[in-house]
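Close look at the chain arrangement
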Amino acid sequence: MLDLNLVKKAASRIEGIAVQTPFTYAPLLSEVSEAKVFVKKENLQLTGAFKLRGAFNKVASLSQEKRKKGIIAASAGNHAQGVAYAAKHFGIKSVIIMPETTPLTKINGVSSYGAEVVLAGSNYDEAYAYAIDYSKKNDLEFVHPFEDEEVIAGQGTVALEMLNEQADLDVIVVPMGGGGLISGVAIAAKAINPNIKIIGVSAKGAPALKTSFEKKTAVHSSFVRTIADGIAVRDTSEITLAYMLKYVDEVVGVDDEEIANAILFLLEKQKLVVEGAGSVAFAALLHHKIQGLKDKKVGVILSGGNIDVTMLSVIIEKGLLKSGRKMKLTVTLVDKPGSLMKLTELLQGLYANIVHISYDRTSTSLDYGDAHVTIDLETKGEAHQQEIRSVLLEHAYLRDETK
């Protein structure tokens, strides 16, 4: 049975390999949550996520004979990079099976460490099944991302570092997908301080582990859909669920909109790039999903930062629209010289900056002689946007939908 001694042994193995990431006070999140919040920045880990800890500890624990055969793993990206890095460190072969939907940035990250990447399946569980079959056919040692004591022990080193710096933490909030991180953190933290609360956070689009925890029995999902691809696990692990039922106090869920808001908040306010899976614990505090935190000392784990840049750009764009800093308008004007100039002069007078404009005179929905102009504007908030709409209504560029 996994215990604190195994976690400490893992800490010795990964010393000098895994970075002891910063664990710093977060004043803005503290104000929002009315707690004293510290964030553990595993997004700044060597491979961009905490997964390096468990993967390296597992590979380091293997016999020379098993290492020589080579290793294989199934992963959406972060565990894959950890395994690939460990394989490169020990000079052994590694094969990584990744879902076909894996972002290119994670595929490239794995390949950069010399691993052979095979894309198979639409999600982690399908990639996992393929990897198990591949490992048997090719006699490779399988490195599981969470159903392994050495992997879980490695993830538990996160808690050792947090409590070494802030020994009087009342609560640790942990992202969870397969349950390896929360199991390791809970085992280590509860051994050091039995009174500390461990709270897990899952994506609502991948609810299997949360549902299982609440029902106290393994429940699997028929499908998963979330921007937090790193925790998009369909099936519940009996092993990690058992640890959670013994050591974890509570689990909550956050939806994709809340995850996206957390990513944007971290980027803009904290100057940190954090992926969807890595931001769910932060999102739980930001959106008040956890009760009873007032005046508590809380540690929040930012578990990874390997976000696909295309996903990041979409999140930024939607965030700007939602916060009133960008607006999209389609207006109808008479298609004759000077019409567009009059519209742009009107917007200039309103201090609305045009960042994109398109002109359509051929749409079948238009009357002859009219044109649609679609404009993207930089604005200064909802009040400014309302002013723009009012002036455009006044000048008959928009229709009054209330009439």
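Scroll up for the structure.
Figured I'd write up the structure that's included with this text. Bear in mind that the values here come from a model prediction, so they are computed numbers and not experimental data.

Concerning empty space enclosed by the protein
In the structure shown here, the tally under the stated rule is one cavity of 30 Å³ or more. As a volume, the largest cavity reaches approximately 300 Å³. Lining the largest cavity are 26 residues, and of these Phe 50, Lys 51, Gly 178, Gly 230 and Ile 231 sit closest to its centre. Elements with a minimum of two residues in the lining of the largest cavity: α5 (78–90) and α9 (180–192). Split into classes, the residues belonging to the lining of the largest cavity amount to 13 nonpolar, ten polar and three charged.

Quick word on the pattern of salt bridges
Considering all chains together, one arrives at 20 salt bridges under this definition. The closest approach of N and O atoms between Lys 137 and Asp 133, which form a salt bridge, is 3.0 Å. Taken together, the residues span about one helical turn, with Lys 137 and Asp 133 both in helix α7 (residues 124–138) at a distance of four residues. Salt-bridge contacts for Lys 328 lead to Asp 376; the nearest nitrogen and oxygen are separated by 3.1 Å. Here Asp 376 lies in strand β13 (residues 370–378) and Lys 328 lies in strand β11 (residues 326–334), a separation of 48 residues in the sequence. When its relative accessible area of 10% is taken as the criterion, Asp 376 is described as buried.

Regarding the layout of surface pockets
Approximately 480 Å³ is the volume found for the largest pocket. Around the largest pocket, the lining is made up of 25 residues, and of these Thr 101, Thr 226, Ile 227, Asp 229 and Ala 232 lie nearest the centre. Within the residue set of the lining of the largest pocket, elements represented by two or more residues are α12 (256–269) and α14 (309–322). For the lining of the largest pocket, the per-class residue count stands at twelve nonpolar, seven polar and six charged.

Structural notes on the packing of α12 against helix α13 (residues 276–286)
Remark: α12 packs on α13, axes separated minimally by 8 Å, with the N-to-C direction vectors making an angle of 95°. Classified by the angle between their axes, α12 and α13 sit roughly perpendicular to one another. Note on element contacts: α13 touches α12 through Gly 276, Ser 279, Val 280, Phe 282, Ala 283 and Leu 286, opposite Glu 258, Ile 259, Asn 261, Ala 262, Ile 263, Phe 265 and Leu 266. Looking at side-chain class alone, the contact of α12 with α13 contains nine nonpolar, three polar and one charged residues.

Concerning the pairing of strand β9 (residues 250–254)
Across the five residues of β9, four count as buried, placing the element largely inside the fold. For strand β8 (residues 197–203) and β9, the ladder comprises five bridges, and the chain directions are parallel. Within β9, the residue paired with Ile 199 across the bridge is Glu 250.

Looking at the sheet that holds β8
Taking strand neighbours across the sheet as the criterion, the six strands line up as β1-β2-β10-β7-β8-β9 in an open arrangement whose pairing is mixed. At either end of the open sheet lies a strand with only one pairing partner, and these are β1 (23–25) and β9. Neighbour-to-neighbour, the strand axes of this sheet turn through a mean angle of 25°, independent of strand direction. Summarising the sheet, strand β7 (residues 171–175) and β8 pair through five bridges and their orientation is parallel. Across the sheet, Val 173 pairs through a bridge with Ile 199, a residue of β8. Contacts from α13 reach β2 (36–41), β7, β8, β9 and β10 (297–302) within the one sheet, and its direction differs from that of β10 by about 155°.

Procedures and definitions
Residues numbered from 1 in each chain as written. Predicted model: local features only at pLDDT ≥ 70, side-chain atom pairs only at ≥ 80, totals over all residues. Heavy atoms only, no water. 1 Å grid on protein atoms, 1.4 Å probe; cavity = no way out; pocket = protein on both sides within 12 Å on 5 of 7 lines; lining within 4 Å. Points joined across faces, edges and corners; volume = space filled by probe spheres on them. Helix = DSSP H or I, 4+ residues; strand = E, 2+ residues; numbered from the N terminus. Nonpolar A, V, L, I, M, F, W, Y, C, P; charged D, E, K, R; others polar. Salt bridge = Lys/Arg side-chain N within 4 Å of Asp/Glu carboxyl O. Buried < 20%, exposed > 50% of the residue type's maximum accessible area, 1.4 Å probe, protein only. Axes fitted to C-alpha atoms, helices over the stretch in contact; angles between N-to-C directions. Parallel < 35°, antiparallel > 145°, perpendicular 65-115°, else oblique. Contact = heavy atoms within 4.5 Å. Pairing = 2+ DSSP bridges.

Any functional reading would require information that these geometric values do not contain.
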